[in-house]
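Here is what each chain is made of, one letter per residue.
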Amino acid sequence: MKNATPPVLWLLAVGAFAIGTDAFVIAGVLPEIADGLRVSPGAAGQLITVFSLTYALSAPVSATITGRLSRRTVLACGLGVFIVGNVISALGDSYGWVAAGRFVAALGAASYTPQASAAAASLVPEERRGRALGIVIGGLTMATALGVPIGTWIGGLAGWRATLWAVAALGAVALPGVLMLPRLEPAGRHPLAERLAGLRNPAVLITLSVTLLAVTSEHVVYTYIGPVLQDATHGGRALSVLLFVFGVGAVAGNAIAGIATDRLGNRAVLLLAVGGMAVDLALLPLWSGSLIGAGVALFVWGATGWMYLVPQQHRLLSLSEASGPFTVALNSSALYLGIAIGGAVGGLLVNTWGPGSTAVPAFVLAAVAVAVAALTYGRPTPTGPARETRSDPARQGVSDDA
């Protein structure tokens, strides 16, 4: 198995695809969920907040608790819990039961995704680790490009519960592959204090705050993308097409980011990406009512929104030598915390003033992120590690550390 790419990596990627889809597909079927559960769109959006906040808080705790268990065991249990969580949500006949399912699914996802990355690296020789990681992380990237729009299309065709059943089925497809893994050595028990040690470094805190601000900015709008684009899509299946365009932009931005960071440095790419995203979101009132305008805007948003994560990872890698090996993993929790806060803030705005009111706070948050980075980031010489983070694992909570 060490001499070639193990086929089981593709099943690990299917699990990653399912989790990546699950993390964001609720935004695509939000109007259907709100109608089905008889709640407001703002309340339905809090289902994303429940998932993201649970993931953000449980990921480092899960890694600490399961450090002495075989990675195969952790992967199988994590994926099993994830599947059960989606089944609970799909069967839930009340808002509380659906939210409980999202909580359970997030607990499983927070255990699975970091371990899948670490397992992939351990199954191949060192010179093939980048390719192995690319396969598993590619499942997360493709979730944005294909999983979310397909899940949205299924929701429009057969209802939002069918979307969750489809996600659970994908997890079930990946589970046999996890069970076929050899017994992999445990990651090792590292105290929670050691995993959070990087927070004592002001430079790390500033970098994480930029991630938090930028992600919150995006998800004030993205969580409610269905209501935001109501005038452009008229509640039809065009939303799935627009989300596919967003995913194509995300893949393109992620691919460009590594090369650009190598050549221009993390500061320049970050400012360009977040600045571009800020302008795009500020113009939301102009493009949200037009199908063509929304298509162009979502492509730009997808590209810039995925582009800034690579220079952030690059910067945290450079800081990890002084702040500890778990510094980069902290970006994962910052990402999911930003998604949770964005969903909560956006829900309040949508319920009070309508979907169009999300544009101004989204722009302000992104602009503050740009200002903080411009004033505090140095101008480092471009270096090689950015190429290794081109398919960014942190977008869905993956880290080299398990």
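Rules behind the numbers
Residues numbered from 1 in each chain as written. Predicted model: local features only at pLDDT ≥ 70, side-chain atom pairs only at ≥ 80, totals over all residues. Heavy atoms only, no water. Helix = DSSP H or I, 4+ residues; strand = E, 2+ residues; numbered from the N terminus. Buried < 20%, exposed > 50% of the residue type's maximum accessible area, 1.4 Å probe, protein only. Contact = heavy atoms within 4.5 Å. Areas by Shrake-Rupley, 256 points an atom, 1.4 Å probe, with all protein chains shown as cover. Expected span 1.5 Å × (residues − 1). Bend = angle between axes of the 7 residues up to and from the residue. Core = buried A, V, L, I, M, F, W, Y, C linked by side-chain atoms within 4.5 Å. Salt bridge = Lys/Arg side-chain N within 4 Å of Asp/Glu carboxyl O.

Asker: For this particular structure, what's the right way to read the overall build of the chain?
Answerer: Helices and strands together make up the secondary structure of the chain, namely 18 helices and zero strands. When each of the 402 residues of the chain is scored for burial, the buried share is 57%. The contacts of the chain with a sequence gap of at least 6 include a subset with a gap of at least 24, amounting to 88%. Summed over its atoms, the accessible surface of the chain is roughly 15,000 Å², and 69% of this surface lies on carbon and sulfur atoms.

Asker: Please clarify how helix α1 (residues 8-28) should be interpreted in this entry.
Answerer: Side chains three or four residues apart in an α-helix point the same way, a direct result of the helix having 3.6 residues per turn. Its 21 residues give α1 an end-to-end C-alpha distance of 30 Å, which sits within 8% of 30 Å, the value for a rise of 1.5 Å per residue. The axis of α1 is deflected most strongly, by about 40 degrees, at D22. In terms of residue burial, α1 counts as a mostly covered element, since 18 of its 21 residues are buried.

Asker: Can you help me understand the nonpolar core in this one?
Answerer: Generally speaking, soluble globular proteins have nonpolar side chains that are buried together. Core analysis: the biggest nonpolar cluster contains 98 residues, and L9, F82, L229, W301 and Y308 have the highest contact counts within it. Considering every element that reaches this core, the biggest residue donor is α1, with eleven residues. Apart from the residues lying within four places of it in its own chain, the contact partners of F82 are A18, I19, D22, A105, G108, A109 and V167. Formed by six residues, the second largest nonpolar core is a distinct cluster that contains V204, L316, L319 and A334.

Asker: Can you walk me through unusual backbone geometry in this structure?
Answerer: With the exception of glycine, most residues fall at negative phi, and the peptide bonds are largely trans. Unlike most non-glycine residues, R38 shows phi in positive territory, near 60 degrees. Following the sequence through the fold, R38 ends up in the loop between α2 (30-37) and α3 (41-65).

Asker: Mind showing me how you'd approach the environment of L57 here?
Answerer: Structurally, the position occupied by L57 is in helix α3. On the basis of relative accessibility, which here comes to 57%, the residue L57 falls in the exposed class. Linking L57 and L107, residues 50 residues apart in sequence, is a C-alpha distance of 9.5 Å.

Asker: Before we go on, may I ask you to explain the pattern of salt bridges in this structure?
Answerer: Inspection of the entire model under this criterion finds one salt bridge. Residue D22 pairs with R102 through a salt bridge whose shortest N-O separation is 2.8 Å. Separated by 80 residues along the polypeptide, D22 in helix α1 and R102 in helix α5 (residues 95-122) bring together distant segments of the chain. Residue D22 shares its accessibility class with R102, and that shared class is buried.

Asker: Just checking my understanding: could you explain the environment of P7 for this structure?
Answerer: Mapped onto the elements of the fold, P7 is located in the segment before α1. Considered as a pair, P7 and G177 are 170 residues apart in the sequence and their alpha carbons are 8.8 Å apart.

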